[in-house]
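The chain contents come next:
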Amino acid sequence: MSLKVVNAPAGSSDSNAKPVTAEDQRKINRFARLHLKSEELKSDLKKKNNDLQNLNDAADELLLLDDADTQKVPLKVGESFVHYDSDSITTKIEDLKQRLEAEIEALKATEAEYQTEMTQLKVDLYGKFGNNINLEIDDD
């Protein structure tokens with residue numbers, strides 16, 4: 001992402017050049033922090049969606065097991081595996097899925113708040129600086 005105010009070359013007179021005030025700098029810094037948080041949230045959302053998909057796959061696999069295979073089913077908790085019987089593993093997986101879905105919804109709501117504030121900051125900053133500022137995301 002590029003966050004910069006483009007200054008006119010030395011010796012040129014740009015009547016559109018506006019000085020950057022302390023308030024403008026605060027808005028630019030706020031935008032940069034929000035963008036960073038937004039990127040981190042997107043990464044967290046991707047990981048949690050992947051975890052939710054893994055739990056859904058595990059629940060589907062449990063349905064395919066016969067009774068002899070479901071006496072003790074291992075479930076990874078942190079760095080270790082805990083063995084559950086078939087009834088408790090199904091309940092545990094459903095609880096984990098519900099928790100993850102709630103976390104995903106909370107992250108999406110936070111992301112929407114960040115995007116709303118970033119949009120308002122863009123409007124304010126582009127309104128003052130026009131093409132002399134770049135708040136768009138670079139895809140390098």
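The numbering scheme is per chain: residues are counted from 1 as the chain's sequence reads. It should be noted that, the model being predicted, local features are given only for residues of pLDDT at least 70 and side-chain atom pairs only at 80 or more, the latter also being counted only at that level, while totals for whole chains, interfaces and linings use all residues. Note that the side-chain values use all heavy atoms of the structure and ignore hydrogens as well as water.

Per an unreviewed UniProt entry, the recorded name for the protein is Prefoldin subunit 4, and the organism is Plectus sambesii. UniProt positions are given in the numbering used here, feature names are shortened, and annotations may be inferred rather than shown by experiment. One UniProt comment on the protein, placed under Function (unreviewed entry), says "Binds specifically to cytosolic chaperonin (c-CPN) and transfers target proteins to it. Binds to nascent polypeptide chain and promotes folding in an environment in which there are many competing pathways for nonnative proteins." Its UniProt record, at the heading Sequence similarities (unreviewed entry), says of the protein: "Belongs to the prefoldin subunit beta family."

A look at helix α1 (residues 22-64)
Going along the chain from the N terminus, every DSSP run of H or I of four or more residues is numbered as a helix, and every run of E of two or more is numbered as a strand. Given a helix with a known number of residues, its expected span is that number minus one, times 1.5 Å. Between its terminal C-alpha atoms α1 stretches 63 Å, which fits the 63 Å expected from 43 residues at 1.5 Å a residue. What α1 keeps buried is the set D24, I28, F31, L34, H35, S38, L41, L45, L52, L55, A59 and L62. With a 1.4 Å probe rolled over the protein chains alone, any residue whose accessible area is under 20% of its type maximum counts as buried; one over 50% counts as exposed, and the rest are partly exposed.

Here we look at helix α2 (residues 86-129)
Under the 1.5 Å per step criterion, the end-to-end length of α2 is 63 Å for 44 residues, consistent within 8% with the ideal 64 Å. Buried residues of α2: I89, I93, K97, L100, I104, L107, E111, Y114, M118, L121, L125 and F129, and no others. Looking one or two residues past α2, G130 carries a phi angle of roughly 60 degrees, positive in sign.

Examining the nonpolar core
Throughout, nonpolar core names a set of buried Ala, Val, Leu, Ile, Met, Phe, Trp, Tyr and Cys residues whose side chains join them through atoms within 4.5 Å. Ranked by size, the top nonpolar core spans 24 residues in total, and within it I89, I93, L125 and I133 carry the most contacts. Those elements that place two or more of their residues in this core are α1, β2 (73-77) and α2. If you tally residues by element for this core, the top one is α2, at ten residues. Among all residues touching I93, those that are not within four sequence positions of it are L55, A58, A59 and L62. Residue contacts are defined here by distance: any two heavy atoms, one from each residue, within 4.5 Å place the two residues in contact.

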